[in-house]
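# Survey of secondary and tertiary structure
Single-letter residue listing:
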Amino acid sequence: MSRFQFPESIASRPVYGTLEPRPGKAHLMIADAEGAEALLDLAVRDPALVRAAHIIYIPKGTGESYVPRLEMCGPAQFHVAPSYEASVPRLRRVLTDAHMGLQLYLAGTEGLMGQAMSEAIEHGLPQRSIQREHRGSVARRMQCVHCKGITEDVTTDPFVCAHCGLHLFVRDHYSRRLAAFQGVRVDAEDPGNVPDPVELYQ
Amino acid sequence: MSAAPQKAKAGGGTIDVVVRAIVPLNDLVTRFEFERPDGAPFPPFSPGAHTIVEMNDDGRPRKNPYSLMSDPSDTSHYAISVRRDDEGRGGSRFLHTAVSVGDRLSVSYPVNLFPLDLRARKHVFLAGGIGITPFLSMIAQLERQGGRWELHYACRSESLASYADDLTGRHANKVHVYYSDRKEALPLEDLLDGQPLGTHVYVCGPKGMIDWVKTTAADHGWPGDAVHAEEFLAPQPGDPFDVHLARSGIDVHVEPHESLLEAIERAGVDAPFLCRGGACGQCETDVIEADGELIHADHWLEDDQKASGKKIMPCVSRFAGKKLVLDR
Ligand code: FES
């Protein structure tokens with residue numbers, strides 16, 4: 001099952017819903033990995049909506065498992081990208097040409113949804129035109145508050161910053177602009193006293 | 001609830017003004033310009049704000065809201081444009097017929113229930129008839145700030161199109177006027193299509209137009225918070241009725257041509273209000289007892305609140321029945 005119920009947290013932490021078909025003049029859907037399941041569910045509820053949509057899909061570790069099924073929904077445009085970064089030029093072009101009435105459907109990991117959402121808002125898309133449904137990995141995109149480097153797909157707390165090597169504590173404090181959670185040095189008071197990493201949400 | 005200081009007087013303070021000019025624009029609409037008796041500047045206002053003009057119409061106090069249409073950066077005067085409504089209860093007719101240059105009136109401090117959303121990347125204004133007024137001050141501000149805007153203005157005929165010449169003369173590329181006597185219709189669907197991301201729509205006009213814009217925009221996928229509307233309801237005349245004000249301990253008779261709020265004020269009770277048009281929520285009053293029917297006319301209360309019979313907006317709503325007791 002690709003769904004996960006996030007525990008209650010501080011106001012800064014994003015919350016996710018379930019994608020609903022909405023009226024609109026254009027429909028852009030972006031998903032990664034198991035996020036495909038949310039789009040497939042949407043296609044069951046409203047096949048015409050998905051046929052009218054432009055889908056950008058990033059399989060990540062899931063390889064070919066979802067691609068044929070998404071294709072079978074018959075989206076107006078279907079683009080498979082090797083990574084979120086690789087899809088950004090296309091996403092930017094779509095958003096630059098977009099008009100009011102566009103609906104954006106995001107599904108999959110927090111990192112993907114957060115980055116695509118911040119890109120869309122940057123282009124002027126109203127937040128209320130964006131829906132998000134979390135599916136799959138609960139890994140987080142983290143920013144180190146010390147060196148500002150971003151570490152993707154963090155699954156343990158604490159973790160090691162991929163840029164400066166500090167051991168960072170995973171906070172729920174979230175930046176919508178950076179689409180990242182905040183990581184703070186865990187052994188600042190007592191250097192070297194680093195707790196054993198545990199899986200997130202364990 | 002909010003940290004705002006409590007106002008000493010219902011509806012906020014008032015400003016004494018002198019009528020400095022009366023400019024008829026066409027058969028129905030006249031502009032009134034006010035200055036202060038001592039020539040002092042007016043408090044600044046944000047575009048979209050309205051003021052409530054207090055009138056003494058043949059012994060009957062009237063307080064009617066009008067959008068401020070002057071340039072917000074010019075604090076030497078306030079201007080309103082008033083459409084004469086011969087069927088209405090009188091406030092507009094009083095201004096048109098009984099007020100002369102040099103007369104003294106008092107107006108409320110400006111209140112804004114229809115502000116520009118300055119996060120918008122572009123502003124699209126949709127005006128129906130006299131609904132043009134708030135957009136005049138909005139346009140003045142956006143022109144100064146270099147904001148992006150366009151106006152679509154639906155009028156009955158060329159002779160009744162207040163400010164249309166002036167607007168098209170100054171902003172030929174941004175102003176589009178549609179005359180219904182020439183069978184021209186505001187092409188709402190087309191103009192909602194193709195607006196850049198971040199556009200906000202503002203509509204001011206008759207209720208039918210507002211509903212049309214809201215539903216069409218929603219069908220096109222516009223989120224509700226990018227669609228702004230202002231509709232002042234004029235209090236409608238109705239059958240007379242009696243009301244008991246429990247807190248003040250007095251009985252008031254509401255005449256056919258006055259609102260419940262006006263009757264309460266006439267009895268000397270300082271009741272809260274801001275818009276006097278059923279829009280702001282300020283006058284919301286608890287109903288203690290109602291043996292009869294509350295005739296709700298506001299668009300503030302939710303349907304279930306209206307059905308509950310526990311609340312009334314005295315600025316526009318009335319009552320028919322045996323007994324009404326309000327917590328006022
Ligand atoms: S005074 Fe604004 S709703 Fe009655």
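Everything quoted here is computed from the prediction, not taken from an experiment.

### Quick word on the interface of chain A and chain B
Tallying the contact residues gives 17 residues for chain A and 17 residues for chain B. Buried surface at the junction of chain A and chain B, summed over both partners, amounts to about 1,300 Å²; 58% is from carbon and sulfur atoms. Run the count over chain A and chain B and you get two salt bridges. As a salt-bridge pair, Asp193(B) and Lys25(A) come within 3.7 Å of each other at their nearest N and O atoms. Across the contact surface, chain A and chain B share six residue pairs in polar contact (both at pLDDT 80 or more). Looking at side-chain class alone, the side of chain A that touches chain B contains seven nonpolar, seven polar and three charged residues.

### A look at the sheet that holds strand E10 (residues 199-204) of chain B
Residue and element names in this part refer to chain B. Ordered by their spatial adjacency, five strands build an open sheet running E9-E8-E7-E10-E11, and the pairing between neighbours is parallel. Both outer strands of the open sheet, strand E9 (175-179) and strand E11 (227-230), are each paired with one neighbouring strand and no more. Within the sheet, the average angular offset between the axes of one strand and its neighbour, ignoring direction, is 15 degrees. Looking at chain direction, strand E7 (residues 122-128) and E10 are connected through six bridges and run parallel. Within the sheet, the bridge partner assigned to His-123 lies in E10 and is His-200. Running over the sheet, helix H2 (residues 133-145) touches E7, strand E8 (149-155) and E10 and is turned about 155 degrees from E7. Docked against the sheet, helix H5 (residues 207-219) engages E7, E10 and E11, running at close to 170 degrees with respect to E11.

### Re the UniProt feature "domain: Dimethylamine monooxygenase subunit DmmA-like C-terminal" (unreviewed entry) in chain A
Cross-referencing UniProt, the feature "domain: Dimethylamine monooxygenase subunit DmmA-like C-terminal" (unreviewed entry) maps to residues 141-184 of chain A in the present numbering. What you have in residues 141-184 of chain A is 0% helix and 61% strand, and the ends, taken at the C-alpha atoms, are 13 Å apart.

### Digging into helix H1 (residues 91-98) of chain B
Turning to H1(B), its buried residues number three or more, namely Gly91(B), Ser92(B), Phe94(B), Leu95(B) and His96(B). The elements touched by buried residues of H1(B) are strand E2 (29-35), strand E3 (50-57), strand E4 (60-67), strand E5 (78-83) and strand E6 (104-108) of chain B.

### Structural notes on the pattern of salt bridges
Using the criterion set out here, one finds 34 salt bridges over all chains in the structure. Of the charged contacts, one joins Glu265(B) and Lys63(B) as a salt bridge, the two residues approaching to 3.5 Å between their closest N and O atoms. With Glu265(B) in helix H6 (residues 260-266) and Lys63(B) in strand E4, the pair connects residues that are 202 residues apart, well separated along the chain. You'll find Glu265(B) and Lys63(B) in the same group, each marked buried. Connected through salt bridges with shared partners, the residues Arg3(A), Glu37(A), Asp41(A), Glu133(A) and Arg135(A) form a single ionic network.

### Quick look at the packing of aromatic side chains
In this description, an aromatic ring pair is defined by two values, namely the gap between the centres and the angle between the planes. With the rule as written, the count across this model stands at 13 aromatic pairs over all chains. Measuring from ring centre to ring centre gives 4.9 Å for Phe4(A) and Tyr201(A), while their planes differ by 55 degrees; the resulting arrangement is tilted. Taken together, the residues Phe4(A) in the segment before strand E1 (26-32) and Tyr201(A) in the segment after strand E12 (198-199) connect sequence positions 197 residues apart. Site record: aromatic cluster; members linked through ring pairs are Phe114(B), Phe125(B), Phe135(B), Trp149(B) and Tyr202(B). Its guanidinium or amino end placed over the ring of Phe6(A), Arg13(A) lies 4.5 Å from that ring's centre, counting from NZ or CZ. Here the guanidinium or amino end of Arg140(A) rests over the ring plane of Phe181(A), the centre of that ring lying 4.1 Å away.

### Side note on unusual backbone geometry
Residue and element names in this part refer to chain A. Put simply, Asp-157 and Pro-158 share a cis peptide bond, and its omega is -5 degrees. Summarising the element assignment, Pro-158 is placed in the loop between strand E8 (156-157) and strand E9 (159-160). Unusually for a residue other than glycine, Asp-153 sits at a positive phi of about 50 degrees. Residue position: Asp-153 is located in strand E7 (residues 150-154). A residue is classified by how much of its surface remains accessible, and Asp-153, at 44% relative accessible area, is partly exposed.

The rules behind the values
Residues numbered from 1 in each chain as written. Chains lettered and ligands numbered in written order. Predicted model: local features only at pLDDT ≥ 70, side-chain atom pairs only at ≥ 80, totals over all residues. Heavy atoms only, no water. Contact = heavy atoms within 4.5 Å. Buried area = accessible area lost by both parts, 1.4 Å probe. Salt bridge = Lys/Arg side-chain N within 4 Å of Asp/Glu carboxyl O. Polar contact = N/O pair within 3.5 Å; in protein donor to acceptor, adjacent residues only side chain to side chain. Nonpolar A, V, L, I, M, F, W, Y, C, P; charged D, E, K, R; others polar. Pairing = 2+ DSSP bridges. Helix = DSSP H or I, 4+ residues; strand = E, 2+ residues; numbered from the N terminus. Axes fitted to C-alpha atoms, helices over the stretch in contact; angles between N-to-C directions. UniProt positions renumbered as here; feature names shortened; annotations may be inferred. Buried < 20%, exposed > 50% of the residue type's maximum accessible area, 1.4 Å probe, protein only. Phe/Tyr/Trp six-rings, centres within 6.5 Å; stacked < 30°, edge-to-face > 60°. Lys NZ or Arg CZ within 6 Å of the ring centre and 35° of its normal.

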